[in-house]
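Architecture and fold: a report
As a plain string of letters, each chain reads:
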Amino acid sequence: MKKIIFLIVFFLISNQLVVAKEIRTRFGFYINLPSNYIQLNANIDELLKKDSEGLVNKEYFDELVSGSTKTDMNIEYLFPNKKYDPEFNNMNITSVQGDIKELMTLSMNEICPEIRNMMAGLYNKRIKQYQCLDNPSFIKKKSSPIVYYFELDGPFNNQRAHLIMLQIIRGEITSFTLGCELKNCSTMTKDFISMVNSRS
């Protein structure tokens with residue numbers, strides 16, 4: 001009996017079991033947030049004003065969001081509260097008005113380079129795209145007609161950006177983004193996918 005208990009405990013510890021708590025996002029849906037993350041709401045416009053290092057190409061960003069209302073500019077940050085530097089390792093959620101079915105009229109051969117070019121323009125640097133998938137098996141579709149998954153270079157050296165676009169609320173496109181240092185991406189990507197799959 002002790003061996004079975006030991007094996008169960010060992011299995012749980014070795015898989016870095018993280019207890020999650022259900023939170024309501026500012027966009028009205030729920031996610032299971034791992035207990036080692038904290039939630040912070042912000043307005044993108046305000047964050048850009050504070051970008052003293054010029055990490056984001058503000059002119060390009062303004063062009064991308066032209067016509068958006070201030071309510072479209074909300075962002076929910078999820079920061080690790082231990083172990084990882086939150087400046088380089090964090091997640092965020094945004095939601096904008098739009099119909100994801102419009103994206104479905106485009107082929108992946110059109111979407112993939114467009115996302116890469118958009119992110120390169122936003123970061124004002126050349127970037128590589130490592131994955132560009134529609135309906136990947138590791139992300140639950142739930143009520144979304146389609147799920148898009150992208151993995152690209154992040155804005156910092158030795159960093160990756162993971163982007164998931166889907167529909168949770170009809171008439172809105174929700175994006176989940178993970179930025180992680182390469183050394184932390186394996187663990188953080190598991191947390192990220194688990195969080196996205198927990199949405200309700």
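Now for a quick tour of the structure. (Residues numbered from 1 in each chain as written. Predicted model: local features only at pLDDT ≥ 70, side-chain atom pairs only at ≥ 80, totals over all residues. Heavy atoms only, no water.)

Take the nonpolar core next. Judged by nonpolar contacts, the single largest core of 25 residues is most densely connected at Ile31, Leu78, Ile164, Phe176, Phe192, Met195 and Val196. Of all elements in the fold, only strand 2 (30-34), strand 5 (90-97), strand 8 (159-166), strand 9 (172-181) and helix 6 (185-197) reach the threshold of two or more residues within this core. Considering every element that reaches this core, the biggest residue donor is helix 6, with 6 residues. (Core = buried A, V, L, I, M, F, W, Y, C linked by side-chain atoms within 4.5 Å. Buried < 20%, exposed > 50% of the residue type's maximum accessible area, 1.4 Å probe, protein only. Helix = DSSP H or I, 4+ residues; strand = E, 2+ residues; numbered from the N terminus.)

Attention now goes to the packing of aromatic side chains. If you walk through the whole model with that rule in mind, you get 6 aromatic pairs. Seen from their ring centres, Phe27 and Phe29 are 6.5 Å apart, and the 20 degrees between their planes marks the pair as stacked. Taken together, a centroid distance of 4.8 Å and an interplanar angle of 85 degrees make the contact between Phe88 and Phe156 edge-to-face. Taken together, the positions of Phe88 in the loop between strand 4 (74-80) and strand 5 and Phe156 in the loop between strand 7 (148-153) and strand 8 put the pair 68 residues apart, joining distant regions of the chain. Its relative accessible area of 17% is what places Phe156 among the buried residues. By way of ring pairs, the aromatic residues Phe27, Phe29 and Phe176 are connected into one cluster. Geometry around Tyr130 places Arg160 over its ring, the cationic atom sitting 3.5 Å from the centre. (Phe/Tyr/Trp six-rings, centres within 6.5 Å; stacked < 30°, edge-to-face > 60°. Lys NZ or Arg CZ within 6 Å of the ring centre and 35° of its normal.)

What follows is about unusual backbone geometry. Most peptide bonds adopt trans geometry, and most residues besides glycine take a negative phi value. In the Ramachandran plot, Asn135 falls in the positive-phi region, its phi being about 50 degrees despite a non-glycine side chain. Among the structural elements, Asn135 can be located in the loop between strand 6 (129-134) and strand 7. Taking relative accessible area as the criterion, Asn135 reaches 32% and is therefore assigned partly exposed. Its identity as a non-glycine residue notwithstanding, Lys142 has a phi of 50 degrees, on the positive side.

For a regular strand, side-chain orientation follows a simple rule: the groups alternate between the two sheet faces. Taken across its 10 residues, strand 9 has 9 buried, putting it largely inside the fold. Summarising the sheet, strand 5 and strand 9 pair through 8 bridges and their orientation is antiparallel. In the sheet register, Ile93 faces strand 9, and the bridge partner there is Phe176. Sheet analysis places strand 8 next to strand 9, joined by 8 bridges and oriented antiparallel. Residue pairing for strand 9: Leu166 is matched across the bridge by Thr174. Hairpin connection between strand 8 and strand 9: a loop of 5 residues separates the two successive antiparallel strands, and Gly171 in this loop has a positive phi of roughly 85 degrees. (Pairing = 2+ DSSP bridges.)

The next thing to look at is helix 5 (residues 108-123). The first and last C-alpha atoms of helix 5 sit 22 Å apart over 16 residues, in line with the 22 Å expected at 1.5 Å per residue. Among the residues of helix 5, Met108, Ile111, Cys112, Ile115, Met119, Ala120, Gly121, Leu122 and Tyr123 are the ones counted as buried. Just beyond helix 5, the residue with positive phi is Asn124, at close to 60 degrees. (Expected span 1.5 Å × (residues − 1).)

Inspection of every chain in the model, using the stated rule, returns 2 disulfides. Paired by a disulfide, Cys112 and Cys132 hold their sulfur atoms 1.9 Å apart. Across the S-S bond linking Cys112 and Cys132, the dihedral sits near -90 degrees, which makes this disulfide left-handed. One end of the pair, Cys112, is in helix 5; the other, Cys132, is in strand 6, with 20 residues separating them in the sequence. Relative accessible area serves as the criterion here: at 13%, Cys112 is assigned to the buried category. Through a disulfide, Cys180 is tied to Cys185; the S-S separation comes to 2.0 Å. In this structure, the disulfide formed by Cys180 and Cys185 twists by about 100 degrees around the S-S bond and is classed as right-handed. (Disulfide = S-S within 2.5 Å.)

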